[in-house]
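Reading the structure
What follows is each chain in one-letter form.
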Amino acid sequence: MTPLKLTNTKTYEMLECNICLQMLDIRHASRTICGHYYHKNCLCKWFNSRLHLQATCPTCRGDLR
């Protein structure tokens, strides 16, 4: 996952976490390899709740290994 880097304020205002549906703070956001954005904490909770399953994207279920 790569940190979210945005320079356009209008684009930033439109981003939200696909897990909790709250606005993203770029200091706490991560982007998956499939291009979906999440709060780092939300994504960690997603992975921790699915330890016995394959690591997948919460939005598209793409493989994140």
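Structure report, in brief. (Residues numbered from 1 in each chain as written. Predicted model: local features only at pLDDT ≥ 70, side-chain atom pairs only at ≥ 80, totals over all residues. Heavy atoms only, no water.)

What to know about the overall build of the chain
The criterion, for reference: The way it works is that DSSP assigns letters per residue, a run of H or I at least four long becomes a helix, a run of E at least two long becomes a strand, and they are numbered from the N terminus. Only protein chains enter the accessibility calculation, which uses a 1.4 Å probe; a residue whose area is less than 20% of its type maximum is buried, one above 50% is exposed, and one in between is partly exposed.
The number of helices and strands found in the chain is 2 helices and 3 strands. Seen in sequence order, the chain has helices and strands lined up from the N terminus as β-α-β-β-α. Counting over 65 residues, the chain shows a buried share of 29%.

A closer look at the nonpolar core
A general feature of soluble globular proteins is that nonpolar side chains tend to end up buried together. Rules: Among buried residues, those of type Ala, Val, Leu, Ile, Met, Phe, Trp, Tyr and Cys that are joined through side-chain atoms within 4.5 Å constitute a nonpolar core.
Ranked by size, the top nonpolar core spans 10 residues in total: Leu15, Cys17, Leu24, Ala29, Tyr38, Cys42, Leu43, Trp46, Cys57 and Leu64. Tallying contributions element by element places helix H2 (residues 40–49) first for this core, with 3 residues.

Re unusual backbone geometry
One non-glycine residue, Leu21, lies in positive phi territory at about 65°. Mapped onto the fold, Leu21 is located in the loop between helix H1 (9–14) and strand E2 (29–31). Positive phi outside glycine occurs at Arg61, with the angle close to 65°. Tracing the chain through its elements places Arg61 in the segment after H2. For Arg61, a relative accessible area of 46% gives the class partly exposed.

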